[in-house]
Amino acid sequence: MYESLAGALLGATAALGLALAGILVILIWKKDRTRKLSYLRFFIQVVSLVGIFYSFTLALWLSAFFLVIFAVTFFSGRFFCGWICPFGFYMDIVALVRQKLGIRYFSLPEKVNNSLNKLRYVIAAVILTAPLFLGALTINPASGIQALFLRGPFRPIDILLSPLEPLIVPFTGSIANLGFNGWSISYPYARDILTYISVPNVTLILIYVFIALTLISTFMFRRFWCRFCPTGISIAAANRFKALKWMPLLHINKEEEKCTKCGICKRVCPVQVTDVYEQKGGNIKTSLCLNCMRCVEMCPYEGCLKMNLANKTVFKSRNWLEPSNSE
Amino acid sequence: MKNVSAEKKYMPEMPQKEIEELNSSVKATSAKIIADNIARMKKTDPNRPEGMKYFDEISNFFGQRPKEIQDAKIKGKKVIGYFCVFAPVELILAADAIPVRVNSGWYDTSKLGDRIVPVEVCPVIRSTIGAKMIGLSPYLELSDAVISTLTCDGMTKLSEILSDSKTIWTMTPPRVKDSPQSLQLWKEEIKTVKTQLEKITGNKITAKKLKEAIETMQKASKAFRRLQELRKGNTVLMGRDAMLVNQAALWDDIKRWTEKTEALCDELEMRIKDKAWACPPDTPRVIVTGTPMFWPDNWKLPTLIEEATPQGVLVGDEMCSSDRILYDPVGIDEWTMDDMINGIAERYLMASTCPCFTSKDGNEDRVNWLINKVKENKAQGVIYYVVRGCILYAMEYTRVKKALDKLGIPVYYLDTDYTREDVGQMKTRVEAFLEMLTARVDI
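Everything numeric here is computed off the predicted structure, so don't read it as measured data.

Residue and element names in this part refer to chain B. Reading across from one edge, β2-β1-β3-β4 is the order of the four strands in this open sheet, with parallel pairing throughout. Two strands lie at the open edges of the sheet, namely β2 (98-101) and β4 (168-171), each paired on one side alone. Taken over all neighbouring pairs, the strand axes of this sheet differ in orientation by 25° on average, direction set aside. Taken strand by strand, helix α9 (residues 180-201) contacts β3 (145-149) and β4, and its axis lies near 165° from that of β4.

In structure tokens form, the structure reads like this:
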């Protein structure tokens, strides 16, 4: 018993050590300052993908993960979305492939982008409340609701966790069998389609259509799903209500005088946040921002954009033309 | 690409003999003025950095650099001139052409320009017209095509007048900077210039070449910003010298310019270590903003500031002829052709602080730039320099003054013309302002 615990602890420590060593290597090895953070983010995404892969083997971990996401999102905005989320990682990879092909992304019109940002509340509301109505329809409401929430087709918590489902989830319940000689992969939301619509062939076609749609849209627009992903609602709530203002600790901060409005931050943003560009300075508060810090990294003016953690600057924009002296 | 029309709509028919006479006389004065300006710069700072020698040579408009361009032209390279900092230099470099800025700073030629346009017109325009009339400016004469950005009324008509004898490519910047349709228009203008460049040079601008050009310019920007950074502390390089280095980037080979500027910066860093200041550290620090000043003639104000008693020092400026030239880099997210074109378009339009844009839509870029410069360079006063006829800069004065008043930075409005006659009067005005600044330092 103790031996296995010690073994697990040792394994975890080794994994953590390797991850930290990787971060260190990237920081030292990558000289291009406009890519350094991106590479680091990529690495962290890979590491968390592995982490999530193992945590998905245990159903218990799922709920723990859910709590962690909520806590992280409440206190640090959508940091999770930008740096950990496997679906986001998948979209980043698709974008990388597109880049290598030399094709440029498309941009959504600002209005559409903003309304998509609002759509996420509708989606989240439907997901979270639908079981109540559906539960009331059953003969025994109380047990019906319970059944729907915990075991039934509407597992709202599960749906919110769906973006976490990497393409290689070992959790049997999550696998959508695609019918290629027993080949099966898991795709975000595929399992939900499977559970909602249980007509064999239609389900399969729907899953294919969903995969194709997300793939094409991601190929055309950077981080397309993130623009209306219901998992991203929590930070908005924290920014919207005055009583919760203290909650988000992580902010992108802008200093107006140093900004020349060159528009780089607006262009490089994967979800087309315009607030960083338009705002007159101060903290940027939008539920669209993924805190991926690409704008901070690309801003060529010393100290114009900053990443503040509890009002302490953890990362700020630098004149990336100049190699820093400390490296 | 429009062909040069045979019928001249503006340019007067001048006898060849008169042109030659005027050319040689103005050239002689100009050569004298270039030598004189450099001599005076050496006198102000007896311990002038060694690195400045190169820039003294390159700044001779009738010396080595025009010859180099001439030789390159014979070998088949094309020369593309441009008027405003709006011109996409990266594209010109990617097309294997030589970019040179062709604005004119000659006082004498502005009088010649009076024959075509009224005296009320901005002297920069008149002077450029005059220079074209007598074929004075070597860079304007050598250029195969000139990119003219229609920023102000003067520039708009200037391109019309010059199209009598030059291939002019016009670019229309939108007057409202911050709207999607503005950016779209500007992107189309950039793309048009790209096709024109490809046509005239016969070289296709590929993604690889454009990337190289962008990286070359980024390196130049790096050297440029390093130099501006060194001006923030105690003065090691007089303002005029820095202005000359900045302006040399407009006509020099950009790679060589980068190298030489980096070398100069290395030397200046050594001087900072040795505490070898170019002037006493308590010299009043001045920033100039307003109409661009062009080498060699229009060196009046910086000379006056740095030769006045009490002496002042120019620690920075907000002018498209100096500190604004290479300050903003093109930042590229994805190195695809489309994204590079977008990046270039945005850098030239959105980062610009030209007063030709309206500030009604909350465009405070120019004021912010100036305030940041004043704070970072620890300037004690601002001289608002306007040449008569430069309406846009003159009209923005009130707004800039209000913003600077809030910081308690004195601003002095100085208007002048392309003439040497008012130097005495200007000297009194500049000295009074500097004296006031010195008094403020003492308190």
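Further notes follow.
Looking now at the interface of chain A and chain B. On the side of chain B, 24 residues touch chain A, which itself brings 20 residues to the contact. At three residues, helix α12 (residues 264-268) of chain A tops the list of elements feeding residues into the side of chain A that touches chain B. When its residues are assigned to classes, the side of chain A that touches chain B shows eight nonpolar, five polar and seven charged.

Residues and elements named next belong to chain A. Taken domain by domain, chain A consists of domain 1 (56-248) and domain 2 (249-327). Listed as interface residues are 22 residues of domain 1 and, on the opposing side, 14 residues of domain 2. Looking at the side of domain 1 that touches domain 2, the elements with two or more residues in it are α3 (59-76), α4 (79-83), α6 (110-137) and α11 (234-240). When residues in the side of domain 1 that touches domain 2 are grouped by element, the largest group, four residues, is from α4. Class assignment of the residues belonging to the side of domain 1 that touches domain 2 gives a composition of nine nonpolar, eight polar and five charged.

Glancing now at the packing of helix α11 (residues 239-248) of chain B against helix α13 (residues 300-307) of chain B. All names here are of chain B. Relative to each other, α11 and α13 sit at 155°, their axes nearing to 9 Å. Looking at the two axes, α11 sits roughly antiparallel to α13. Between α11 and α13, the contacting residues are Gly-239, Arg-240 and Met-243 on the first element and Pro-302, Thr-303 and Glu-306 on the second. Partitioning the contact of α11 with α13 into residue classes produces two nonpolar, two polar and two charged.

Let us now look at the pairing of strand β3 (residues 250-254) of chain A. Residue and element names in this part refer to chain A. In terms of burial, β3 is largely enclosed, as four of its five residues are buried. Sheet topology places β3 next to strand β5 (residues 305-309); five bridges connect them, and they run antiparallel. Bridging across to β5, Lys-254 finds its partner in Leu-305. Where β3 and strand β4 (residues 282-284) come together, three bridges link them in antiparallel fashion.

The next thing to look at is the confidence of the model for chain B. Here chain B averages 90 in pLDDT, and 98% of its residues register 70 or above. With a pTM of 0.88, the predicted complex shows an ipTM of 0.84.

Next up on the list: the sheet that holds strand β7 (residues 381-387) of chain B. Residue and element names in this part refer to chain B. What the four strands build is an open sheet, ordered β6-β5-β7-β8; its pairing is parallel. Each having just a single partner strand, β6 (313-318) and β8 (411-416) make up the two edges of the open sheet. Across this sheet, the average inter-strand angle for adjacent strands is 30°, counted without regard to direction. Its contacts with the sheet place α13 against β5 (285-290), β6 and β7, and it is angled at close to 150° to β6.

Cys-265, Cys-295 and Cys-299 of chain A together with Ala-249 and Val-286 of chain B are the most contacted members of the largest nonpolar core, which has 181 residues in total. The element that contributes the greatest number of residues to this core is helix α10 (residues 207-230) of chain B, accounting for eight residues. Counting residues domain by domain, this core receives three or more from each of domain 1 (56-248) and domain 2 (249-327) of chain A. Residues contacting Cys-299 of chain A, with those up to four places away along its chain left out, are Ile-264, Cys-265, Cys-304, Leu-305 and Ser-317 of chain A.

Here we come to the confidence of the model for chain A. Mean pLDDT over chain A works out to 76, with 70% of the residues at or above the 70 mark. The model gives residues 169-181 of chain A a pLDDT under 50, and that stretch makes 25 contacts with residues more than four places away or in other chains.

The next subject is helix α6 (residues 123-133) of chain B. Residue and element names in this part refer to chain B. For α6, the buried fraction is high: eleven of the eleven residues fall into the buried class. Taken together, the buried positions of α6 are Pro-123, Val-124, Ile-125, Arg-126, Ser-127, Thr-128, Ile-129, Gly-130, Ala-131, Lys-132 and Met-133. Taken from the residues just after α6, Gly-135 is the one with a positive phi, measuring 60°.

All names here are of chain B. In a regular helix each residue adds 1.5 Å, so 24 residues correspond to 34 Å; α10 covers 34 Å between its end C-alpha atoms and thus fits that length. Looking only at α10, the buried set comprises Leu-210, Ala-213, Ile-214, Met-217, Gln-218, Ala-220, Ser-221, Lys-222, Ala-223, Phe-224, Arg-225 and Leu-227. Of the surrounding secondary structure, the elements contacted by the buried residues of α10 are α4 (89-94), α11, α12 (254-274) and α14 (337-350).

What counts as what
- Residues numbered from 1 in each chain as written.
- Chains lettered and ligands numbered in written order.
- Predicted model: local features only at pLDDT ≥ 70, side-chain atom pairs only at ≥ 80, totals over all residues.
- Pairing = 2+ DSSP bridges.
- Helix = DSSP H or I, 4+ residues; strand = E, 2+ residues; numbered from the N terminus.
- Axes fitted to C-alpha atoms, helices over the stretch in contact; angles between N-to-C directions.
- Contact = placed C-beta atoms within 7 Å.
- Nonpolar A, V, L, I, M, F, W, Y, C, P; charged D, E, K, R; others polar.
- Domains from an automatic or database assignment.
- Parallel < 35°, antiparallel > 145°, perpendicular 65-115°, else oblique.
- Buried ≥ 20, exposed ≤ 12 C-beta atoms within 10 Å, placed from the backbone.
- pLDDT = per-residue confidence, 0-100.
- Core = buried A, V, L, I, M, F, W, Y, C linked by C-beta atoms within 7 Å.
- Expected span 1.5 Å × (residues − 1).

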